[in-house]
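# Close look at the chain arrangement
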2 protein chains.
Amino acid sequence: MVKITDVARHAGVSPSTVSYALSGKRPISEETRRRVEEAVRRLGYRPHVGARALASSRSNVLALMVPLRAGINVPVVMQFAVSVVTTARRYDHDVLLLTQEEGEDGLRRVVDTALADALIVMDVQLDDPRLPLLRGLDRPSVLIGFPADAEGLTCIDLDFRAAGEACVEHLARLGHRVVALVGSPPEVYVRGTAFAQRVVQGFTAAADRGRLASAVHPCEASPAAARAVAEQLLREQPALTGVVVHNEAVLEPLIDAFEELGLRVPGDLSVTAICPDELAESLRVPVTSIALPSAEVGARAVELLMGKLGGKGVPEATLLAPRMTERGSTGRRAVA
Amino acid sequence: MVKITDVARHAGVSPSTVSYALSGKRPISEETRRRVEEAVRRLGYRPHVGARALASSRSNVLALMVPLRAGINVPVVMQFAVSVVTTARRYDHDVLLLTQEEGEDGLRRVVDTALADALIVMDVQLDDPRLPLLRGLDRPSVLIGFPADAEGLTCIDLDFRAAGEACVEHLARLGHRVVALVGSPPEVYVRGTAFAQRVVQGFTAAADRGRLASAVHPCEASPAAARAVAEQLLREQPALTGVVVHNEAVLEPLIDAFEELGLRVPGDLSVTAICPDELAESLRVPVTSIALPSAEVGARAVELLMGKLGGKGVPEATLLAPRMTERGSTGRRAVA
DNA sequence: GCGTGACGTCGAAGCGCTTCGACGGGCGAA
DNA sequence: TTCGCCCGTCGAAGCGCTTCGACGTCACGC
């Protein structure tokens, strides 16, 4: 193994000079830096991370805790993780993988043992058991998603309120005047995460603002429930021409139900969704949708962490602007 | 931060004794061990991994390199990764996540910097560019999948040959006498990975052994190709009643095509596949299938690595026995 | 011409742990 | 009884790096 003293000898300087030349923490003459870099290259020197961590109390490792729960979208998580790793590497950091299963103990462990400098926690619940720990820790962390009380925590997520608004505005722009939101299962609005409510708020606000007639229907995650909701909608809002779906599981069955009830998509009914692109693309009728921008969330999460590690102040809340992808499921309202 | 000297003081012993008491590398009296453990608990002592790594040249970290390529099955990778992490934790190790993108340099980096003690490499190609590096490294590694030349490498994967055989045997047991294999796209058999060929070998061997009439058809990953293959099969093997599909992309379109051609599954035609369970379950006709046992592969990979790290000899090749899950797509051959 | 700083470099200390050699005491064998 | 050995423990060295204080040099201002 080639070590810093080897480099120092070859460059004709002291080890500390090598360290400063490589870290830039003290001014080093152009000439010396060149010689050091040359020696590093020739010898293929790689600092020993353990030694570095011990001396500097920085491990250059971020811990990423990924969810295991059923019902989470695996490709989205994976995309996120890859984005975190890729971005972390740009800042010369590596990523340690933790599973939700390890819980608070896992987070505490990697911090206490100085394995990780900072934490990224996914799938944050409204009242997440990890919150007190994260608040108390002296290491920076970033949460993906917003808990009920985000005070003192750095959180990032898609701006679900804006996403709800964007869906309505898109439909309004196409001339639709009567819209409905088919939302998540009822229990999601109670406990679970905050984003479901935010979508409802955005949906309602935008509908009111645009003077659209609107209704909101939570929906269980079953085809039967989808069918029931479809029927109910047509009964209660006979003039309905625009639907926003925020419920991955029923998107397809819902469209099927509408078509069985005699409504063509997008001919009679425009449908737009908040769901992963993969799902929206794969349907028989590709659906105009807003996706969770997982790659962007991952990258931004790392950047926030790097800001905090660098002692910079970072915003506590980061809401990512929704981006809509138009596919085949929305169109101008047919004028009867 | 509480360190080993603190524990030593509280337990009334020297730091080295604490170290030995915790590692078990030297005999320590019952009484002393108890006092040390008590002090550890009271103080909440956690060894500093950097210091430990520096002194022992063991980081207790495994690096896992995951594929990014389009066409790989994300949930399978994720399941594998989670299994690796979970198993690693049982051996008091953590897992560092690397992306394929980082390639050989990434592997070399984590080894040279002593970040990782060992490597797990997924999605191994027949002629993988990482092979020379892995062979030359002084750290143990395990490959998921088999390259063309596995000499000197430790590899693990599903036994695809046995999987091919199992499919045929299952069909034979149900009375089918004429079978066909719909395989991967032709290019997969050329470069790519070895498993496709292994399936063919197993399929053919089992068919011959059972004196079944059989045929093998590679198939492009498009519904049109699926349709064409279905038509061709019926033309060339009119008595066909059993099909094995080893091609995720065409499984669904192929079944659709058969049904459109007037063959009911499983009434007229039994279909079995080698594909992820998720896919097999989600089809209109749930398909009897053999899945890649990703959790088991992950766990075994870690165990192999631990064996190597412990200086034990481990088998170079590990082939996992296929396990078939019967779903609705196979049945007894209808006797006309 | 001399004090003052900034610049560039060095030496040494120390980060927290493991491990090696040594050592005292107890015990069995001779 | 004595020798040798093993058991249990200690002290010290050292893993490879960063960082702090110190020091010499040079340029500048007065």
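Residues numbered from 1 in each chain as written. Chains lettered and ligands numbered in written order. Predicted model: local features only at pLDDT ≥ 70, side-chain atom pairs only at ≥ 80, totals over all residues. Heavy atoms only, no water.

Counting residues in each nonpolar core, the largest one holds 53 residues, and the members touching the most others are A:Leu64, A:Ile120, A:Ile144, B:Leu64, B:Ile120 and B:Ile144. When residues no more than four places from it in sequence are discounted, the contact partners of A:Ile120 are A:Ala63, A:Leu64, A:Met65, A:Phe80, A:Val84, A:Val142, A:Ile144, A:Ala301, A:Val302 and A:Leu305. Counting residues in hydrophobic clusters, the runner-up holds 42 residues, among them A:Val61, A:Leu119, A:Val124 and B:Val121. (Core = buried A, V, L, I, M, F, W, Y, C linked by side-chain atoms within 4.5 Å. Buried < 20%, exposed > 50% of the residue type's maximum accessible area, 1.4 Å probe, protein only. Contact = heavy atoms within 4.5 Å.)

Turning our eyes to something else, we now look at the relation of the copies chain A and chain B. Laying chain A over chain B is done by rotating through 180° and shifting 0.0 Å along the axis; what remains is an RMSD of 0.0 Å. Within this description, the copies of the chain are treated as partners about a two-fold rotation axis. Most of the interface of chain A is mirrored in chain B, where 100% of its interface residues are also at the interface. (Least-squares fit on C-alpha atoms with pLDDT ≥ 70 in both.)

This part covers the pattern of salt bridges. All names here are of chain A. One pass over the full model with this rule turns up 49 salt bridges over all chains. Glu 38 serves as the salt-bridge partner of Arg 42, at 3.6 Å between the closest nitrogen and oxygen. With Arg 42 and Glu 38 both in helix α3 (residues 30-43) and four residues apart, the pair spans about one turn of that helix. For Arg 130, the salt bridge goes to Asp 128, with nearest N and O atoms at 2.7 Å. (Salt bridge = Lys/Arg side-chain N within 4 Å of Asp/Glu carboxyl O. Helix = DSSP H or I, 4+ residues; strand = E, 2+ residues; numbered from the N terminus.)

If you check the shell around DNA strand D, you find 29 residues, and the closest are A:Ile4, A:Arg26, A:Tyr45, B:Thr17 and B:Thr32. Each atom of DNA strand D within 4 Å of the protein belongs either to a base or to sugar and phosphate, the latter forming 56%. Looking at the surface near DNA strand D, the elements that each hand over two or more residues are α2 (15-23) and α4 (49-56) of chain A together with α2 (15-23) and α4 (49-56) of chain B. It is α4(A) that contributes the most residues to the surface near DNA strand D, four residues altogether. Partitioned by chemical class, the residues of the surface near DNA strand D number 13 nonpolar, ten polar and six charged. (Near = heavy atom within 4 Å. Nonpolar A, V, L, I, M, F, W, Y, C, P; charged D, E, K, R; others polar.)

All names here are of chain B. Turning to its location among the elements, Ser 59 is positioned in the loop between α4 and β1 (61-66). Here Ser 59 falls in the buried class, since its relative accessible area comes to 12%. From its side chain, Ser 59 meets the backbone oxygen of Leu 115 in a polar contact 2.8 Å long. If we ignore the near neighbours within four places in the chain, the residues touching Ser 59 are Ala 53, Ala 114, Leu 115, Ala 116 and Asp 117. (Polar contact = N/O pair within 3.5 Å; in protein donor to acceptor, adjacent residues only side chain to side chain.)

Right, let's talk about the sheet that holds strand β1 (residues 61-66) of chain A for a bit. With mixed pairing, twelve strands are arranged side by side in an open sheet as β11(A)-β5(A)-β4(A)-β3(A)-β1(A)-β2(A)-β2(B)-β1(B)-β3(B)-β4(B)-β5(B)-β11(B). At either end of the open sheet lies a strand with only one pairing partner, and these are β11 (317-320) of chain A together with β11 (317-320) of chain B. Put simply, the sheet's adjacent strands are angled 20° from each other on average, direction ignored. Across the sheet, helix α14 (residues 294-309) of chain A touches β1, β3 (118-121), β4 (141-144), β5 (155-158) and β11 of chain A, and the angle it forms with β4(A) is around 160°. (Pairing = 2+ DSSP bridges. Axes fitted to C-alpha atoms, helices over the stretch in contact; angles between N-to-C directions.)

Turning our eyes to something else, we now look at the UniProt feature "domain: HTH lacI-type" (unreviewed entry) in chain A. As recorded in UniProt, the sites labelled "domain: HTH lacI-type" (unreviewed entry) are residues 2-56 of chain A. Counting secondary structure, residues 2-56 of chain A comes out at 71% helix and 0% strand; the distance between its end C-alpha atoms is 20 Å. (UniProt positions renumbered as here; feature names shortened; annotations may be inferred.)

Moving on, we come to the interface of chain A and chain B. Listed per partner, the contact involves 35 residues of chain A and 35 residues of chain B. Here chain A meets chain B over a buried area of about 3,100 Å², counting both sides, of which 70% is carbon and sulfur. Counting across the chain A and chain B interface gives six salt bridges. Between A:Asp94 and B:Arg109 there is a salt bridge whose closest N-O contact spans 2.6 Å. Linking chain A with chain B are six residue pairs in polar contact (both at pLDDT 80 or more), by the criterion used here. Elements supplying a minimum of two residues to the side of chain A that touches chain B: α4, β1, α5 (74-90), β2 (94-99) and α6 (103-112) of chain A. No other element matches the nine residues that α5(A) contributes to the side of chain A that touches chain B. (Buried area = accessible area lost by both parts, 1.4 Å probe.)

To continue, consider the protein's contact with DNA strand C. Around DNA strand C, 28 residues are found, and the nearest of them are A:Thr17, A:Thr32, B:Ile4, B:Tyr20 and B:Arg26. When the atoms of DNA strand C within 4 Å of the protein are sorted by group, sugar and phosphate make up 56%. Within the contact set of DNA strand C, a phosphate oxygen lies 2.8 Å away from a backbone nitrogen or oxygen of A:Ser14. In this structure, B:His48 approaches DNA strand C through a main-chain N or O atom, which is 3.3 Å from a phosphate oxygen. Going through the elements one at a time, α2 and α4 of chain A together with α2 and α4 of chain B are the ones with two or more residues in the surface near DNA strand C. It is α4(B) that provides the largest number of residues to the surface near DNA strand C, a total of four residues. Looking at the surface near DNA strand C residue by residue, the class counts come to twelve nonpolar, ten polar and six charged.

A cis geometry characterises the amide bond from A:Val265 onward to A:Pro266, with omega recorded as 5°. Along the chain, A:Pro266 falls in the loop between α12 (248-260) and β9 (270-274). Located in the positive-phi region is A:Asp92, a residue other than glycine, with phi close to 60°. Residue position: A:Asp92 is located in the loop between α5 and β2. Unusually for a residue other than glycine, B:Asn60 sits at a positive phi of about 60°. Tracing the backbone through its elements, the reader meets B:Asn60 in the loop between α4 and β1. Classification of B:Asn60 as buried rests on a relative accessible area of 18%.

Turning next to the environment of B:Ser282. Structurally, B:Ser282 can be placed in helix α13 (residues 277-282). Taking C-alpha positions, B:Ser282 is 37 Å from B:Leu153, a pair spaced 129 residues apart along the chain.

Quick look at the pairing of β5(A) now. Successive side chains on a regular strand alternate, one facing one side of the sheet and the next facing the other. All names here are of chain A. Bridge count between β4 and β5: two bridges; the pairing is parallel. Residue pairing in the sheet places Ile 144 in a bridge with Ile 156 of β5. Pairing of β5 with β11, which is carried by four bridges, proceeds in the parallel orientation. Residue pairing for β11: Ile 156 is matched across the bridge by Thr 318.

As far as domains go, chain A holds domain 1 (4-47), domain 2 (61-158 + 294-320) and domain 3 (160-291). Here the C-alpha centroids of domain 1 of chain A and domain 2 of chain A sit 35 Å apart. (Domains from an automatic or database assignment.)

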